[in-house]
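# Examining the three-dimensional arrangement
Chain by chain, the residues run as shown.
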Amino acid sequence: MRREDCCPMVGGTLSAVARGVRYARCRELECTVDWDYTPEDQQWRAEVRKFLDENLTEALQRENVEIGFSTGPETKKLIRKLADMGWNALTWPAEYGGKNVGAVKRLIFVEEWTYAQAPAITYVEITNAAIAPVIIKYGTPENKADWLEPVRRGDVIFALGYSEPQAGTDLAGLTTRAVLDGEEWVINGQKIWNSAAHVATHEWLAVRTGPSGDRHGGISVIAVPIDAPGVEVHEIKTWHGHRTNQTFFTDVRVPRRNLIGEPGGGWQYLAYALDFERITLGGSLGHVRRMLDDLKAHVKVTRLDGSFLADQAAVRRSIAELEVRLEAAKLMALDVAVRIDKGETPTPQGTALKVYSSELRSDIARYGMSILGIAGVRDQYDELAPLGGILEHEYRANPVARFGGGTNDVMREIVAQRGLGLPRGIRRLKVATEGE
Amino acid sequence: MDLSWSTQERELEAAAATLLAREWSVADARIVYQDTSDGQAAARRLRAKITEAGWLGIAFGEDVAGAGGTLFDLGIVFRQFGRYLVPTSISSTIAAALLIDAFASPDQRAEYLGPLVRGESSGTVALTEPGLDSAYELTATSAKHAASGYEISGDKTFVPDAETADLTVVSARLERGALALFAVPKREAGGITYEPNSIMDRAPSADINLSGVQLSGSCLLRGHEDWDARVYLQKLNDAMDRVTILRCLEMLGGAERALEFTARHVSEREQFGRPIGTFQAVQMHIADMYTAVYSARLACFKALTKVSTEGSASMQVSIAKSLASYAADLVTVYSHELHGGMGIVTEGSLFLWSRRAKALEGRTGRAEYHLDRVADAALA
């Protein structure tokens, strides 16, 4: 083909093409979509794996099995090590001591971390990768000076103080109030599902500072030390062994400068943080891959009712369906990360991913336990539990994935409205997403 | 990693959409569905336009006047075929061309592939048999040496556009047991009888019986002389994966179009004094459709890329097929629910996409076959 034959296809000549100019292709213009991780990405993955191999000691894992997410000596050592390597500030700009890595690399990091079943990731990740970006984007110079370095050092871990007994999914109904008294905010109210409160150093507290009539505009975020007088943390036990908390605030006084960004800007900050949180939750596919890999390894060596599970047609079908759906989730996660790195805010895609991957997790537990039969209901504390009880535990833990970071029911409305322009519902849908 | 398209790819998509929007209305698609003789005339007119645009030759070499482009580009066009319900005769011809491209000698390329690429003749593929869907190694149709060259006998099923195709690629087993493909020109071949199927999208399709069909020796598509039986089968599976992924793109395009007009419908249709799209249950259906289509789109383009650049990607094709079938089925079923009565009347048009979606699901291999391939790889 002559070079000039190609020209109608190149650059800004759509009208000529549309008029019916023949399809023509230069040989050197091969398809340009690249689905593979770059060598640099792969090297990063290897680096994260190596770190995990070297640092996930038995002592650390035991500490976390025994007391859940802990501030025990082993966990503290790990967090300190992360800080030394700059991995507490992976996504931050270099000027704040960050590594300035993009969303794709962060996805790899979370994937590997969750695949290795390493502890501590959720709270630390949310502080480092969901809250810190809010401070960087919206914080006052004082906020940045007060919080970023301690977070980066691993000395500050936030608990998310959002939900209240009467304000869950409808977060804008929150009533915890902060009133300015001279140079201090005085806080009264209560929070629930305050998961890290017993181990974190601070609350990332959503409070009402404006008039109660202004549902969204009257909300602010204040950083509150959990050891401040007037803060009381009460344990709530859950059926999957996870500890969460109800936290009470009675005349708690914090310095004025602890308010993040502008008074009344809180709703926007929560939305921004939640977008990151959803992507973290949806992108935690390492854990999903781990469950499926362990299940595959198990069915290959386990005989039941006369044959290896892996040779049974129904088992093969279940495994194949899960494999297909995991690939779908991985592709969505990658697409979302690539879009973020390009400067987009892929709210419908990221939200779809969160729904999809959380439901895939429950199906892996469901299909897997069904394949294992009665042995599958040994719980994680039974030392003969197949796959170390990972599927059984997931079955109990999974509801949190489905409602955490925004319940899947409301997430689906966001997908329909943002993704395909459906009209808003009867209530004004202002479940925290950016760009409202 | 870069998941974005080049300017050229975007322009190709826009050009394809523009041409089809102009040349192939829903009314045209409806004629094909309603009346086969008028439908075939309309389809021939469209084929002339598509030939003129050079799309038949996108993925084929310049030796046969093709454009020397990529399968990726052809996939972009197939997605538009799905959006606009382009008649099956086009994709049947391209399927035949892809098989010939993989197995023909230079002389055979000139004789068989050239006319298909230039739009001078039409083609189709006849591989399925009674009791055989995708496991081509089980082919029962036989090819014996004869005075003319070869004599072929056997039954083939669900051959799209069988009666109008000028050239049919037929699989058969040689006397020593090896599988082979034959280019069977209609003009030469006596001994073929047709039993039309009535299939869901009402596209022309037939079972064919070959009874001692005499072919010249040059009809045998031998492939490379070094290929043994195992390699030959592998090459056939790879070539059919190319056909399958294109039809997956077609399925995807149809699902995307149906989802778009269903989203519009629920945003406009009012009940209880407000658009039905404000109801949460409706939004949840729409969200699941969005996610199914989104994941299918990514998987289809990934598989298309892999097949286009690496030649063989059976696992990726099977994953794409699984997700595309799931999306197409989910979208059309929910769309019918959300359209209510207007979704089922033939005065509307939704059913045209639903019929095509199911036909394409059938023509891309059973879900069970593809899941089996995934399981083979996953549990290896």
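Thresholds applied
- Residues numbered from 1 in each chain as written.
- Chains lettered and ligands numbered in written order.
- Predicted model: local features only at pLDDT ≥ 70, side-chain atom pairs only at ≥ 80, totals over all residues.
- Heavy atoms only, no water.
- Helix = DSSP H or I, 4+ residues; strand = E, 2+ residues; numbered from the N terminus.
- Buried < 20%, exposed > 50% of the residue type's maximum accessible area, 1.4 Å probe, protein only.
- Contact = heavy atoms within 4.5 Å.
- Areas by Shrake-Rupley, 256 points an atom, 1.4 Å probe, with all protein chains shown as cover.
- Salt bridge = Lys/Arg side-chain N within 4 Å of Asp/Glu carboxyl O.
- Patch = residues over 30% accessible without salt bridge, like charges linked within 9 Å, V, L, I, M, F, W, Y side chains within 5 Å.
- pLDDT = per-residue confidence, 0-100.
- Buried area = accessible area lost by both parts, 1.4 Å probe.
- Polar contact = N/O pair within 3.5 Å; in protein donor to acceptor, adjacent residues only side chain to side chain.
- Nonpolar A, V, L, I, M, F, W, Y, C, P; charged D, E, K, R; others polar.
- Axes fitted to C-alpha atoms, helices over the stretch in contact; angles between N-to-C directions.
- Left-handed = near helix turned anticlockwise from the far one by under 90°.
- Core = buried A, V, L, I, M, F, W, Y, C linked by side-chain atoms within 4.5 Å.

### Side note on the overall build of chain B
- Looking only at helices and strands, chain B features eleven helices and ten strands.
- The C-alpha extent of chain B, read off along each of the three principal axes, is 80 × 50 × 40 Å.
- When each of the 380 residues of chain B is scored for burial, the buried share is 62%.
- Sequence separation of at least 24 residues holds for 74% of the intrachain contacts in chain B that already meet a minimum separation of 6.

### Notes on the overall build of chain A
- Tallying secondary structure elements over chain A gives 14 helices and nine strands in all.
- By element, 52% of the accessible surface of chain A is carried by carbon and sulfur atoms, the whole surface being about 18,600 Å².

### What to know about the pattern of salt bridges
- Taken as a whole, this structure holds 55 salt bridges over all chains when the rule is applied.
- Residue E321 of chain A is joined to R317 of chain A by a salt bridge in which the shortest nitrogen-to-oxygen separation is 3.0 Å. With a gap of four residues between them, E321 of chain A and R317 of chain A both fall in helix α11 (residues 313-341), about one helical turn apart.
- Put simply, R118 of chain B and E120 of chain B hold a salt bridge, and the shortest N to O gap is 2.8 Å.
- Overall, R118 of chain B belongs to the partly exposed group, its relative accessible area being 36%.
- E120 of chain B gets classed as exposed once you look at its relative accessible area, which sits at 52%.
- By sharing partners, the salt bridges in this structure join R45, R49, E111, E112 and R289 of chain A into a single network.

### Some thoughts on a nonpolar patch on the surface
All names here are of chain B.
- A contiguous nonpolar surface patch, about 290 Å² in accessible area, is contributed by M342, I344 and V345.
- Relative to the helices and strands, I344 resides in the loop between α9 (314-339) and α10 (350-363).
- Since its relative accessible area comes to 63%, I344 is described here as exposed.

### What to know about the confidence of the model for chain A
Residues and elements named next belong to chain A.
- Per-residue confidence for chain A averages 86 on the pLDDT scale, and 87% of its residues sit at or above 70.
- Contacts of residues 1-20 to residues separated by more than four positions or lying in other chains number 35 contacts, the stretch itself having pLDDT below 50.
- Taken as a whole, residues 429-436 scores under 50 in pLDDT and shows 36 contacts with residues more than four places along the chain or in a different chain.

### Points about the interface of chain B and chain A
- Taken residue by residue, the interface counts 69 residues in chain B and 67 residues in chain A.
- With both chains or domains summed, chain B and chain A bury close to 6,000 Å², and 64% of this area falls on carbon and sulfur atoms.
- The tally of links between chain B and chain A comes to six salt bridges.
- Counting every contact that joins chain B to chain A gives 13 residue pairs in polar contact (both at pLDDT 80 or more).
- Mapped onto the side of chain B that touches chain A, the elements with two or more residues apiece are α1 (7-23), α3 (36-52), α4 (71-84), α7 (229-268), β10 (274-275), α8 (280-310), α9 and α11 (367-378) of chain B.
- It is α8 of chain B that provides the largest number of residues to the side of chain B that touches chain A, a total of 18 residues.
- In the side of chain B that touches chain A, the residues fall into 33 nonpolar, 22 polar and 14 charged.

### What to know about the packing of helix α12 (residues 347-372) of chain A against helix α14 (residues 408-420) of chain A
Residues and elements named next belong to chain A.
- Axis separation between α12 and α14 bottoms out at 9 Å; the angle between their running directions is 145°. The chirality of how α12 crosses α14 is left-handed. Residues T347, P348, T351, A352, K354, V355, S358 and E359 of α12 lie in contact with α14, whose contacting residues are N408, M411, R412, I414, V415, R418 and G419.
- Looking at the contact of α12 with α14 residue by residue, the class counts come to six nonpolar, five polar and four charged.

### With respect to the environment of L353 of chain A
- Looking at the element boundaries, L353 of chain A is found in helix α12.
- Distance from L353 of chain A to A329 of chain A, taken between C-alpha atoms, is 6.5 Å for residues 24 residues apart in sequence.

### A few points about the nonpolar core
- Counting 189 residues, the largest nonpolar core has W55, F81 and F182 of chain B as the members making the most contacts within it.
- The biggest single contributor to this core is α7 of chain B, with 17 residues.
- The next biggest cluster of nonpolar side chains, apart from the first, holds 32 residues, and it includes W92, A206, I260 and L270 of chain A.

### Description of the side chain of S205 of chain B
Residues and elements named next belong to chain B.
- Residue placement: S205 occurs in strand β7 (residues 205-216).
- Using a relative accessible area of 6% as the deciding quantity, one classes S205 as buried.
- One polar contact links S205 to R363, side chain to side chain, over a distance of 3.0 Å.
- Excluding anything up to four places from it in sequence, S205 contacts F158, V159, P160, D161, P196, N197, I199 and R363.

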